Amino acid sequence: MKEQHTVHRLDTDPVSKSFIRYLVPSTIGMLLMAVNIVADGIMVGNRLGPVALGGVGIAVPVYTLFVAMSLWIGVGGATRFSALMGAKRADEARIVFSHAIVSIFAVTLLIGLLAFPFRTELAYLLGANAETYPYVADYLYLMLLFGFVFTLENALSIMVRNDGSPNLAMVSLVTTSLLNIALNYIFLFILDFGVMGAAAATLIAAFIGMLVLCTHFFKKSNNLRFVRFKLNRKLMLLILVIGFPSFLAEVGMSVFTISHNNVFERLAGTSGVSAFAILNYVHSVMLLMFLGMGSAIQPLVSYYSGAQDHAKIKKTLQLAIGTAVTAGAVFFLIGQFFAASIAGVFGDFPDSVLDLAVPGIQLFFIGYLFMGTNFVMMTYYQSTGNIRMATWITAAREIVVLLILLTILPVFFGVTGAWLAIPISEFIVLLTIIYYQRKWSAE
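Everything quoted here is computed from the prediction, not taken from an experiment. Position numbers for residues count from 1 along each chain, tracking the sequence in the order it is written. With pLDDT at 70 or above as the cut-off, local features in this predicted model cover only qualifying residues; side-chain atom pairs require 80 or more to be listed or tallied, and sums for whole chains, interfaces and linings still use all residues. To obtain the side-chain values, all non-hydrogen atoms of the structure were used and water was disregarded.

Considering the overall build of the protein
What counts, and what does not: Only DSSP runs of H or I with at least four residues qualify as helices, and only runs of E with at least two residues qualify as strands; both kinds are numbered from the N terminus onward. We take the radius of gyration over the C-alpha atoms and set the globule estimate at 2.2 Å times the residue count to the 0.38 power. Using a 1.4 Å probe on the protein chains alone, a residue whose accessible area is under 20% of its type maximum counts as buried, one over 50% counts as exposed, and one in between counts as partly exposed. Only heavy atoms matter for contacts: two residues are in contact if any of them lie within 4.5 Å across the pair.
The helix and strand tally for the protein stands at 15 helices and zero strands. Taking 2.2 N^0.38 as the reference for a compact globule, 443 residues should give roughly 22 Å; the C-alpha atoms of the protein span a radius of gyration of 21 Å, in line with that estimate. Principal-axis analysis of the C-alpha atoms gives the protein an extent of 60 × 50 × 35 Å. When burial is assessed residue by residue, the protein has 58% of its 443 residues classed as buried. Of all intrachain contacts in the protein linking residues separated by at least 6 positions in sequence, the fraction that spans at least 24 positions is 82%.

Structural data, given as structure tokens:
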């Protein structure tokens with residue numbers, strides 16, 4: 001049977017071959033998703049201007065929250081699913097899948113409906129002002145009502161990748177990205193739907209991407225089968241514990257965005273918010289590339305963990321860190337030499353915005369020298385059951401250490417201090433990982 005052949009490949013293929021087999025489609029898919037995010041920013045910025053771009057940037061944490069929920073349950077469920085498949089317990093793995101998908105749909109639909117009546121208060125809480133509020137409100141309107149589409153699509157993509165179909169997950173991301181770009185152009189430049197049109201384009205593209213993923217259910221090798229189940233509280237708790245670092249990582253992105261928006265609003269007004277919106281779009285690209293690396297190793301490490309193959313886990317980790325360090329160095333150099341070109345892509349902004357954005361990109365990109373390794377180690381700890389260390393990495397790099405630095409550094413260094421908060425935070429977290437690994441190795 002084809003199912004046996006797929007499992008046999010994970011058991012017998014060299015780690016380097018399996019790593020490349022998952023890394024290439026994950027990276028390509030995430031790269032195109034990153035292009036999609038940048039295209040959103042370029043079209044909104046060029047068609048509607050810097051204030052609208054800043055407004056969408058302020059509303060992005062709501063989208064991030066929905067993604068966070070999908071990762072919490074999706075990665076938690078997928079990690080447990082792969083471990084059970086590695087241990088040759090397929091029936092239990094299908095129960096995990098059923099729990100995960102039904103739960104993510106119900107929870108995120110409920111959150112969106114409960115938040116919808118309070119979207120005005122939410123907009124100002126996120127950092128909107130009189131100028132940006134209309135754009136934030138338009139974006140939130142559709143996101144709160146239909147955010148569950150993102151969560152289902154993202155969770156299903158994670159599960160499909162863990163069921164041995166990284167190429168289909170990539171095709172889904174490609175489809176979503178290209179369709180979103182096309183719909184954005186139609187809704188913004190032809191039909192003139194404004195920010196609400198940009199949100200609609202993103203939702204429709206995600207729905208079509210989900211339909212592409214559903215073709216996995218027609219494969220003979222498919223193990224993702226819905227089975228009748230009774231709610232198992234212990235299983236759900238296990239899924240939530242395993243997936244919590246992934247949820248926290250996305251929540252950290254919201255904290256990162258909200259805190260920086262508020263700091264830049266205070267330090268430099270709307271120009272500061274617009275400059276940060278440019279950086280945040282670019283940062284989303286780099287972050288998705290690192291996420292692609294994490295997406296590549298998570299199914300492998302989870303499967304090898306279930307199979308108790310520690311040698312393959314170690315080899316996978318070495319390959320992933322080497323890839324992350326190389327990518328981080330490339331990103332750093334791009335930021336140093338092409339900052340002005342990157343900022344200029346998003347529209348013909350006033351000098352007040354570009355004067356903040358260009359040096360900001362150069363300073364912020366220092367963080368990519370450390371961020372990739374931190375992200376890979378978080379995924380490794382999570383996939384091998386060291387949830388405490390995985391949680392520390394995610395909580396520290398974008399919440400605890402970041403907020404402390406973002407409170408202190410701008411007092412002494414102004415806007416420069418705000419740009420440097422993330423690079424210093426990533427470096428401090430990397431030092432704690434090195435300390436932990438050395439202490440663990442010595443024991």
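What follows picks up the thread again.
Some remarks on the packing of helix α10 (residues 233–306) against helix α13 (residues 368–383)
Selection criterion: Orientation is described by lines fitted to C-alpha atoms, with helices fitted over the stretch in contact, and by angles between N-to-C directions that extend from 0 to 180 degrees. In what follows, roughly perpendicular refers to angles from 65 to 115 degrees, roughly parallel to angles under 35, roughly antiparallel to angles over 145, and oblique to any angle outside these ranges. Crossing handedness is read from the near helix: turned anticlockwise from the far helix by less than a right angle, it gives a left-handed crossing, and turned clockwise, a right-handed one. Polar here means any residue outside two lists: the nonpolar Ala, Val, Leu, Ile, Met, Phe, Trp, Tyr, Cys and Pro, and the charged Asp, Glu, Lys and Arg; Gly therefore counts as polar.
Put simply, α10 and α13 touch, their axes get as near as 7 Å, and they point 45° apart. As far as their axial angle goes, α13 and α10 are oblique. Along this stretch, α10 crosses α13, giving a crossing that reads as right-handed. A per-class count over the contact of α10 with α13 returns 14 nonpolar, eleven polar and no charged.

Describing unusual backbone geometry
One non-glycine residue, Lys88, lies in the positive phi region at around 65°. On the secondary structure map, Lys88 appears in the loop between α3 (50–86) and α4 (90–115). In this model, Gln308 sits at a positive phi of 60°, which is unusual for a non-glycine residue. Considering the arrangement of structural elements, one finds Gln308 in the loop between α10 and α11 (310–344).

Quick notes on the nonpolar core
Let me state the cut-off plainly: Here, nonpolar core refers to any group of buried Ala, Val, Leu, Ile, Met, Phe, Trp, Tyr and Cys residues whose side-chain atoms link them within 4.5 Å.
Ranked by size, the top nonpolar core spans 142 residues in total, and within it Ile278, Phe290, Phe346, Phe365, Tyr368 and Tyr381 carry the most contacts. If one sorts the elements of this core by residue count, α10 sits on top with 29 residues. Those residues in contact with Tyr381, other than ones at most four positions away along the chain, are Asn386, Ile387, Met389, Ala390, Ile393, Ile433, Tyr436 and Gln437.

A look at the packing of α11 against helix α12 (residues 351–364)
The axes of two packed helices give the description: the angle between them and the distance between them. Between α11 and α12, the shortest axis-to-axis distance is 8 Å and the interhelical angle comes to 150°. When the interaxial angle is binned, α11 and α12 end up roughly antiparallel. The interaxial crossing formed by α11 with α12 has right-handed handedness. Contact residues: Gly335, Gln336, Ala339, Ala340, Ile342 and Ala343 in α11; Leu354, Ala357, Val358, Ile361 and Gln362 in α12. Considered class by class, the residues forming the contact of α11 with α12 number eight nonpolar, three polar and no charged.

So, the packing of aromatic side chains
Quick reminder of the rule: We call Phe, Tyr and Trp rings a pair once their centres come within 6.5 Å, taking the six-membered ring for Trp, and we label the pair stacked below 30 degrees between planes, edge-to-face above 60, and tilted otherwise. Whether a charge lies above a ring is judged from NZ of Lys or CZ of Arg, which has to be within 6 Å of the ring centre and within 35 degrees of the ring normal.
Here the structure, examined in full by the defined rule, presents 25 aromatic pairs. Consider the rings of Phe364 and Tyr368, whose centres lie 6.0 Å apart with planes at 70°: the pair is edge-to-face. In terms of burial, Phe364 and Tyr368 fall into one category: buried. Following the ring pairs from residue to residue traces out a cluster consisting of Phe256, Phe264, Phe276, Phe290, Phe331, Phe364, Phe365, Tyr368 and Trp419. Positioned over the ring face of Phe116 is Arg119, at 4.1 Å from the centre of the ring.

What to know about the confidence of the model for the protein
Rules: Here pLDDT means the predictor's own confidence in every residue, given as a number from 0 to 100.
Per-residue pLDDT for the protein has a mean of 86; in total, 97% of the residues score no lower than 70. Confidence over residues 1–8 falls short of pLDDT 50; this stretch has eleven contacts with residues more than four positions distant or in other chains.

Here we look at helix α2 (residues 15–48)
Counted only if it meets this: One less than the number of residues in a helix, times 1.5 Å, gives the span that helix is expected to have.
The end-to-end C-alpha distance of α2 is 48 Å, a good match for the 50 Å that 34 residues give at a rise of 1.5 Å each. A positive backbone phi angle near 100° is found at Gly49, which sits one or two residues after α2.

Things to note about the pattern of salt bridges
Heads up, the condition is: Should a side-chain nitrogen of Lys or Arg be within 4 Å of a carboxyl oxygen of Asp or Glu, the pair is scored as a salt bridge.
Per the counting criterion, the structure on display carries five salt bridges. Among the ionic pairs, Asp192 bridges to Arg47, the shortest N-O distance being 3.2 Å. Linking Asp192 in the loop between α8 (166–190) and α9 (194–213) with Arg47 in helix α2, this pair joins segments that are 145 residues apart in sequence. Taking the relative accessible area as the measure of exposure, Asp192 reaches 48% and is therefore partly exposed. Judged by relative accessible area, Arg47 falls into the partly exposed class, the value being 31%. Among the salt bridges present, the one from Arg397 reaches Glu426, with a minimum N-O distance of 2.9 Å. Placement of Arg397 in helix α14 (residues 387–413) and of Glu426 in helix α15 (residues 415–442) is noted, with a sequence separation of 29 residues between them. Given the relative accessible area of 0%, Glu426 is considered buried. One network of salt bridges, in which partners are shared, links Arg397, Glu398 and Glu426.

Structural notes on the environment of Ala34
In this structure, Ala34 sits in helix α2. Spatially, the C-alpha atoms of Ala34 and Pro359 are 22 Å apart, while their sequence positions differ by 325 residues. For Ala34, the contacting residues outside a window of four places in its chain are Val285 and Leu288.

What about the side chain of Ser172?
Among the structural elements, Ser172 can be located in helix α8. Assessed through its relative accessible area of 0%, Ser172 is described here as buried. Contact partners of Ser172, with chain neighbours within four places excluded, come to Glu153, Gly209, Val212 and Leu213.

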